[in-house]
Each structure stands twice: as C-alpha cells, then as structure tokens.
Amino acid sequence: MRTAAASRSLRLRARRAPCGGARGVGGVPRDAYGGRERAGRAAGRAAAAMERLERCARCLRARLVAAAVRRRLPWLLLGLVFVGSALKDGDLVPETPMLNKRNVLNVYFVKVAWAWTFWLLLPFIGVTTYLFAKSKFLYGPTKSILAALRRLSALLVGTAVWYVCTQLFMYIENLTGTCSTSSKLSEPHQLYATKWECHRNNGIWNGFDISGHCFLLSYCTLMIVEEMAVLEGLSIERNSRLRAVINGLFVSLCFLTMIWVFMFLCTTVYFHDFSQKLLGALIGLAAWYATYRVWYLKPFSPGLPLPNTPLSSKKYSYSR
C-alpha cells in the first residue's frame, strides 16, 4: 500500500512541476545545458572569426608593411598617372560606372577621403604607439601616453597639408579661369570672379584645375602605408582582444588603401588633363616626402612610426 501511495504521490508532483523546473542529470536544469551549448557555439564562432581575421591580417602584412612596398609605392603612383593618361588620350578606356562622378566610391569615400583616413588612423596610431613605447622602451603609462599623443600630432600635420593644398588649388583655378555662359547676345556680358559664382549662374568655369583627387589619394595612401610600418616591431599576445582590435584596424586600413589606389587609377583614366593630374600627384608625393623623409627625422616633430631610438632622442631612423 505504501509503495502504491508513494508512486501516486511522485506522479502527482511530476505533473504539477513547471516545465522550466525540470531537472537534468545531477539536478542541473535542462535550460542550463541549452545555455551552455549556445554560449559554446557563440564562443566557437567568435574564435573562428578571430582566426580568419588573423590570417587576413598576416597575409596583408606580408604584402603592404614590407619596406620594399614603401619604397616602390611612390613610383607606382607616378606610373599610374602616365599609363592612365595615355589610355585616356588614346581613347582606349571603355565606359564604366566609374566615369560618373556620382558613383558610390567617389561620393561616399573619395569626397571625404581625409575623414576616412583620419578616423581610422587615429585609434591605430594611438594604440600601436602606446604599446610599442611600453614594450620596447619600457616606458610607464604617462610617458607612453605622451609618446602616443606626439605621434598623433602627425594627423594634425596631415590635416594642415590637406587644407592648405586644397585651398591653394581653388585659388589657382579661380585665378586662371574664365566663365562661359549661354546667355543671349542681346544681354550684357557678365564677369564672374570665382568658380562658385559662375556655377551659380549656370555657367562653365574654364581654369587650370589641379587634380585634388590625385593629390589627396596619393598623400593618404603613402601616409597610411608609412604608419602601418609600426607593425614590423610590435608583438602582441596572439589570442588577446587587443590583437584582434589592432588586426581589425589594420585590415580596414589595408582595404581603404586599396580603394584609394583604385580611385587614383580611375581619376587618371577618366578625368583631368595630364598636366593637372601629374601636378596633383607630385604635390601629394612632395607633401609625403617633406614630412616622412625630412621633417619627421628632426627632434621637434611628430617623429616616425618605427624609431630605432626612444622618442626623446634627437635622431630618428627606420628599421629597414
């Protein structure tokens, strides 16, 4: 009788127990097993994503961080000016969406090229310089932060270069240009002092338009490649989150560099005269050379991305 009553009592309690209160092996709720499985799958996906990012960063580092790339890239950009101009003058280029100035890459990337370059280099330079100063020079937190701030001032220099050069280009175009309008002969001819006034009155401004795209894209490309050189001497624990952050920034900068080079080629193929493109590219190369090859070697400067000596030293040089 007791056995039958006990079994009935157990059955009644099992019916009354809510589903969420069901117990698994060892008294552990079954939902806990499901949560652990989901967490395990999420951790596996995160580990796989980090591994793919690591492989991508390692592959790109071997191709874009090497000193040979930094030496040859200026000559590659100049070569693209000559090749692209020859194709354009020979009418050997097919019509593509890149011929339209409203294409996606031009509107959302090239038009704000310096903003993309600035905001991606800002965390990359700050984090890598801080880590490099701590690991190689054994600086404390304060000195490492000061070293990072000093290197970040290179972005202020780049901003000044961008602003001064673009303003100079507009001044030259306004100085050398004239406005062509479709006004009737009976109407008095109006003179416009600037390109903006001419366009506002539906005119066409004809002036010496130095290619701002060739200038800015060449300068941004060379600057990014120079700043990524710090990875040659930086070592971080393989499975750390910080390494994943740096790899993410590095891969983003690499793809941004590819976009800049591609759009530089499109500019040389579809737009501007040869002299305008050549002068724009030469000014971009001159700005890079004056900063990274001359001024940043001096004591009172932002310094180079990969110094052999402490940032307080009076002499800087690359590890080639």
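Only a predicted model underlies this, so the values are computations on that prediction, with no experimental measurement involved.

Rules and cut-offs
- Residues numbered from 1 in each chain as written.
- Predicted model: local features only at pLDDT ≥ 70, side-chain atom pairs only at ≥ 80, totals over all residues.
- Heavy atoms only, no water.
- 1 Å grid on protein atoms, 1.4 Å probe; cavity = no way out; pocket = protein on both sides within 12 Å on 5 of 7 lines; lining within 4 Å.
- Points joined across faces, edges and corners; volume = space filled by probe spheres on them.
- Helix = DSSP H or I, 4+ residues; strand = E, 2+ residues; numbered from the N terminus.
- Phe/Tyr/Trp six-rings, centres within 6.5 Å; stacked < 30°, edge-to-face > 60°.
- Buried < 20%, exposed > 50% of the residue type's maximum accessible area, 1.4 Å probe, protein only.
- UniProt positions renumbered as here; feature names shortened; annotations may be inferred.
- Axes fitted to C-alpha atoms, helices over the stretch in contact; angles between N-to-C directions.
- Parallel < 35°, antiparallel > 145°, perpendicular 65-115°, else oblique.
- Left-handed = near helix turned anticlockwise from the far one by under 90°.
- Contact = heavy atoms within 4.5 Å.
- Core = buried A, V, L, I, M, F, W, Y, C linked by side-chain atoms within 4.5 Å.
- Nonpolar A, V, L, I, M, F, W, Y, C, P; charged D, E, K, R; others polar.

Moving on: the layout of surface pockets. Leftover empty space is mapped by rolling, across the atoms, a probe with the size of a water molecule. By volume, the largest pocket amounts to about 940 Å³. As for the largest pocket, its lining consists of 32 residues, of which Lys 111, Asp 209, Ile 210, Gly 212 and His 213 are closest to the centre. Contributing elements (two or more residues each) for the lining of the largest pocket: helix H5 (113–136), helix H6 (141–176), helix H7 (195–200), helix H8 (212–227) and helix H9 (241–270). By residue number, the principal contributor to the lining of the largest pocket is H6, which donates eight residues.

The way to describe two aromatic rings as a pair is by their centre distance and the angle between their planes. Scanning the model with the defined rule gives 12 aromatic pairs in all. Here the aromatic rings of Phe 109 and Trp 116 are separated by 4.8 Å at their centres, their planes lie at 15°, and the arrangement is stacked. Overall, the relative accessible area of 34% leaves Trp 116 in the partly exposed class. Grouped by ring-pair contacts, the aromatic residues Trp 114, Phe 118, Trp 119, Phe 169, Phe 215 and Tyr 219 constitute a single cluster.

Another point: the UniProt feature "transmembrane region" (unreviewed entry) in the chain. Under the feature "transmembrane region" (unreviewed entry), the UniProt entry names residues 113–133, 154–172, 204–225, 246–272 and 278–296. As annotated, residues 113–133 has a helix share of 100% and a strand share of 0%, and its two end C-alpha atoms lie 29 Å apart. As annotated, residues 154–172 has a helix share of 100% and a strand share of 0%, and its two end C-alpha atoms lie 27 Å apart.

This brings us to unusual backbone geometry. You will see that Asp 91, though not glycine, has its phi angle at about 55°, which is positive. When you line up the elements, Asp 91 lands in the loop between helix H3 (67–89) and helix H4 (104–108). Phi at His 272 is positive, roughly 70°, even though this residue is not glycine. Topologically, His 272 is positioned in the loop between H9 and helix H10 (274–294).

A separate point is the packing of H5 against H6. In contact at an axis separation of 8 Å, H5 and H6 are set at 155° when each is read in the N-to-C sense. The pairing of H5 with H6 is recorded here as roughly antiparallel in orientation. The chirality of how H5 crosses H6 is right-handed. Two secondary-structure elements touch here, H5 through Trp 114, Phe 118, Leu 121, Leu 122, Ile 125, Gly 126, Thr 129, Tyr 130, Ala 133 and Lys 134 and H6 through Pro 141, Ser 144, Ile 145, Ala 147, Ala 148, Arg 151, Leu 152, Leu 155, Gly 158, Thr 159 and Trp 162.

Attention now goes to the nonpolar core. Of all hydrophobic cores here, the largest spans 66 residues; its most connected members are Phe 124, Met 228, Leu 231, Phe 250, Trp 260 and Phe 264. Those elements that place two or more of their residues in this core are helix H2 (30–64), H3, H5, H6, H8, H9 and H10. Broken down by element, this core gets its largest block of residues, 13 residues, from H9. Excluding residues within four positions of it along the chain, Trp 260 makes contact with Phe 109, Val 110, Ala 113, Trp 116, Thr 117, Leu 217, Cys 220, Thr 221 and Ile 224.

Applying the stated rule across the entire model yields two cavities of 30 Å³ or more. Lining the second largest cavity we find Phe 124, Ile 125, Thr 128, Thr 129, Arg 151, Glu 227, Val 230 and Pro 305. Tallying contributions element by element places H5 first for the lining of the second largest cavity, with four residues. Here the residues of the lining of the second largest cavity sort into four nonpolar, two polar and two charged.

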